[in-house]
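Letter by letter, the chains look like this.
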Amino acid sequence: MNPFQFSLEKVLDVRWTAEEEAKNAYAQAQQALFEAEENLFVLKQEKSELMNVPAQGVNRMQVRYWYLIELDRQTLQAENQVWNLKEQVKTMLNKYITAQKDRKILEKLEEKQKEAYDLEFKLYEQKQLDEMSNRSLIMG
C-alpha cells in the first residue's frame, strides 16, 4: 500500500501562505494605528502645553492663535486617520480570522483522510497476516 498523501496538500500550502500574509497585513495595520495614535497624542499634548504658555504682546498672541488653528486642523486630520486605521485593523483582523478558518477546515479534512487511511492500512495488514496464517496452516 502506498504511504498516505493528502490530496489537497498544495491547496493547504496556499492557505498557509494566505494566512501568513493576512497575519502580516494585520500586524502592519496595527503598527500604523499605533503610530497614528502616538502622533495624535503628541499633537494634543503640544496644544495643551501651548495653551498654558502666557502670551506676551499682540504679535505673539496672533502667532499663537494661527498656530493653534493649525494644530486643530492637524489634530482633526490625525483623528480621522486614527478612525480610518481602526477600521482597517478590524478588516485585516477579519481577513486573518477567515484565512485561519479556511486553513483549519483543510487540516481537519486531512486529519479525517489520514484516519481513514490508517484504518484501511490496518485492515490491509490484518488481511495480509490472515493470509500468511492460512498459508502456514495449509502448508504446515
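This text follows the structure it describes.
Here's what I pulled together on the structure shown here. (Residues numbered from 1 in each chain as written. Predicted model: local features only at pLDDT ≥ 70, side-chain atom pairs only at ≥ 80, totals over all residues. Heavy atoms only, no water.)

### Let's talk about the nonpolar core
With 14 residues, the main nonpolar core has Leu33, Val82 and Val89 as its most contacted residues. Elements with a minimum of two residues in this core: helix 1 (9-51) and helix 2 (58-139). Contacts of Val82, omitting those with residues within four sequence positions, involve Leu33, Ala36, Glu37 and Leu40. (Core = buried A, V, L, I, M, F, W, Y, C linked by side-chain atoms within 4.5 Å. Buried < 20%, exposed > 50% of the residue type's maximum accessible area, 1.4 Å probe, protein only. Helix = DSSP H or I, 4+ residues; strand = E, 2+ residues; numbered from the N terminus. Contact = heavy atoms within 4.5 Å.)

### Section: the packing of helix 1 against helix 2
Packing of helix 1 against helix 2 brings their axes to within 7 Å, and their N-to-C directions diverge by 160°. In terms of axis orientation, helix 1 runs roughly antiparallel to helix 2. As for how helix 1 packs across helix 2, the hand of that crossing is left-handed. Here the residues of the contact of helix 1 with helix 2 sort into 27 nonpolar, 7 polar and 17 charged. (Axes fitted to C-alpha atoms, helices over the stretch in contact; angles between N-to-C directions. Parallel < 35°, antiparallel > 145°, perpendicular 65-115°, else oblique. Left-handed = near helix turned anticlockwise from the far one by under 90°. Nonpolar A, V, L, I, M, F, W, Y, C, P; charged D, E, K, R; others polar.)

### What to know about the packing of aromatic side chains
By the definition in use, this model includes 5 aromatic pairs. Centre to centre, the rings of Phe121 and Tyr124 are 6.4 Å apart; their planes meet at 35°, and the pair counts as tilted. Of this pair, Phe121 and Tyr124 are both found in helix 2, 3 residues apart, which corresponds to roughly one turn of the helix. Here Arg103 stacks its cationic end above the ring of Trp16, 4.2 Å away from the centre of that ring. (Phe/Tyr/Trp six-rings, centres within 6.5 Å; stacked < 30°, edge-to-face > 60°. Lys NZ or Arg CZ within 6 Å of the ring centre and 35° of its normal.)

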